[in-house]
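Each chain, written out:
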Amino acid sequence: MESDLITIAKILRPRGLRGELVSELLTDFPDRFGELEDVFVINENEKRSVMTIEDHWFQKNRVILKFKGIDSIEAADPLRNSMVCIPESEAVELEDEAYFDWDLERCRVENLEGELLGEVSGVYRAGENINLVVKGTDKEYLIPFVTAITVDVDIENKLIRVDPPDGLLDF
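Remember, predicted model here, so these are calculated numbers, not experimental data.

### A short note on the nonpolar core
- Among the nonpolar cores identified, the biggest contains 19 residues, and Phe33, Val39, Phe67, Leu79 and Val84 are the most heavily contacted of them.
- Of all the secondary structure elements, the ones that give two or more residues to this core are strand 1 (5-15), strand 3 (38-42), strand 4 (48-59), strand 5 (62-67) and strand 6 (83-87).
- Among the elements that make up this core, the one with the highest residue count is strand 1 (four residues).
- When sequence neighbours within four positions are dropped, the list of residues in contact with Val84 reads Ile6, Thr7, Ile8, Ala9, Ile11, Val39, Phe40, Leu65 and Phe67.
- Membership of the second largest hydrophobic core comes to 16 residues, among which are Val109, Val120, Val153 and Leu169.

Laid out in structure tokens, this is it:
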């Protein structure tokens, strides 16, 4: 998928006979669906289409999407497993000291002495806990993303400085 887009939902399957689609929410800001009209829908073959959201509603931690022109189960079925995306420029403005996962990915991670530990290859979430997955030369680290440990985050220069407690990097 192209880096200029943010995925906000994954279409799972059609629902009902009128072309509605059950979709997994992939955004921390589900209210944004009320403001959206046109979105990019990218299928499994990476084919990108612009579609208009005609209606939406939430059901059991999922969003049901109804796109303009998709009015039957037969028309909806080819959208199965597609990603619903918006341009990165339409991302929700975050508070200070808050970051999108893609901002953190590919950042170099150094300790306070300037020693390179590796690069952020992903962000792992377990409930309220957020951890940086840092791929080093010889091993991978899971570093809690808390201010006591991640003391400096410089997105512009793709650098995160950490002050890990004794033993954190030994595993």
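Resuming the write-up.
### So, the sheet that holds strand 4
- Spatially, 1-2-5-4-3-6 is the arrangement adopted by the six strands of the closed barrel, whose pairing is antiparallel. Looking at each pair of strands side by side, their axes are set apart by 45 degrees on average, direction ignored.
- Sheet analysis places strand 1 next to strand 2 (residues 20-25), joined by six bridges and oriented antiparallel. Paired with Ile11 across the bridge in strand 2 is Ser23.

### Examining unusual backbone geometry
- Phi at Glu46 takes a positive value of approximately 70 degrees, unusual for a residue other than glycine.
- Within the fold, Glu46 resides in the loop between strand 3 and strand 4.
- The phi angle at Asn61 is positive, at roughly 60 degrees, despite the residue not being glycine.
- Take Asn61: it is sitting in the loop between strand 4 and strand 5.

Cut-offs used in this document
Residues numbered from 1 in each chain as written. Predicted model: local features only at pLDDT ≥ 70, side-chain atom pairs only at ≥ 80, totals over all residues. Heavy atoms only, no water. Core = buried A, V, L, I, M, F, W, Y, C linked by side-chain atoms within 4.5 Å. Buried < 20%, exposed > 50% of the residue type's maximum accessible area, 1.4 Å probe, protein only. Helix = DSSP H or I, 4+ residues; strand = E, 2+ residues; numbered from the N terminus. Contact = heavy atoms within 4.5 Å. Pairing = 2+ DSSP bridges. Axes fitted to C-alpha atoms, helices over the stretch in contact; angles between N-to-C directions.

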